[in-house]
Amino acid sequence: AVDLGKRHGLKVDVLDQKDCEKLGMGCFLAVAKGSHQPPKFIVMEYQGGKRGAAPVALVGKGITFDTGGISIKPSENIELMKYDMTGGATVLGVMRAVAQLKPPIPILGVVPSTENMPSGKATKPGDVVRAMTGKTIEVINTDAEGRLILADAVSYAKKLGATRVIDMATLTGAV
């Protein structure tokens, strides 16, 4: 994302775990807890159109590997769970196209990126997490991680001024 931004003139901010903690992204961080890999929350900005115009936000699920967390998935085809980041990858690709096409509107690309892994630190079914909005959510199934990370991603996009959000996510195997 950083390289893409440099090559195509996009503003890129990559929030780390401490940044996300300060912002109160409890849902995103609850998913990230099970992984040894640090979470990254990617924000890309394209400034097109009138100054001060509300941006359109593209929000993509960036789960780089999804085991299901404590609610672990069956082992059959689990190697394909690296594709649970296709929503996030799509946002990166669209932001590249946006930078090249230069539409007359501001556009945000938001990609919450982490793994969903089981570990001694992982979120458990029954845990209650607090979203960036302040609302609490009881986690029943840790394999519903997309809804959690997107809750904080949509909230952050709204905090940055977005009034329209396009969500790109693989939220179920049926999709």
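Up top is the structure.
Model, not experiment: these values are computed from the prediction.

**Quick word on the overall build of the protein chain**
Line of reasoning, step 1. A tally of regular secondary structure across the protein chain gives five helices and eight strands.
Line of reasoning, step 2. Starting at the N terminus and walking to the C terminus, you meet the elements of the protein chain as α-β-α-α-β-β-β-α-β-β-β-α-β.
Line of reasoning, step 3. Taken over the C-alpha trace, the protein chain has a radius of gyration of 16 Å; the compact-globule value for 175 residues is 16 Å, and the two agree within 12%.
Line of reasoning, step 4. For the protein chain, the spread of C-alpha atoms along the principal axes amounts to about 45 × 35 × 25 Å.
Line of reasoning, step 5. With 175 residues in all, the protein chain has 42% of them scored as buried.
Line of reasoning, step 6. For the protein chain, the exposed surface amounts to about 9,200 Å²; the carbon and sulfur share of it is 56%.
Line of reasoning, step 7. Charged side chains of the protein chain number 22 positive and 17 negative; the gap between the two group centres comes to 9 Å.

**Focus on the nonpolar core**
Line of reasoning, step 1. Residues Cys20, Met25, Phe28, Phe41 and Tyr156 are the most contacted members of the largest nonpolar core, which totals 26 residues.
Line of reasoning, step 2. Among the elements that take part in this core, helix H5 (residues 145-159) stands out by supplying six residues, more than any other.
Line of reasoning, step 3. Discounting chain neighbours no more than four positions away, the residues touching Cys20 are Leu15, Met25, Phe28, Leu29 and Phe41.
Line of reasoning, step 4. By size, the runner-up hydrophobic cluster in this structure holds 13 residues, among which are Leu4, Met44, Tyr46 and Met95.

Conventions used here
- Residues numbered from 1 in each chain as written.
- Predicted model: local features only at pLDDT ≥ 70, side-chain atom pairs only at ≥ 80, totals over all residues.
- Heavy atoms only, no water.
- Helix = DSSP H or I, 4+ residues; strand = E, 2+ residues; numbered from the N terminus.
- Rg over C-alpha atoms; globule rule 2.2 N^0.38 Å.
- Buried < 20%, exposed > 50% of the residue type's maximum accessible area, 1.4 Å probe, protein only.
- Areas by Shrake-Rupley, 256 points an atom, 1.4 Å probe, with all protein chains shown as cover.
- Lys, Arg positive; Asp, Glu negative; His and termini not counted.
- Charge placed at Lys NZ, Arg CZ, Asp CG, Glu CD.
- Core = buried A, V, L, I, M, F, W, Y, C linked by side-chain atoms within 4.5 Å.
- Contact = heavy atoms within 4.5 Å.

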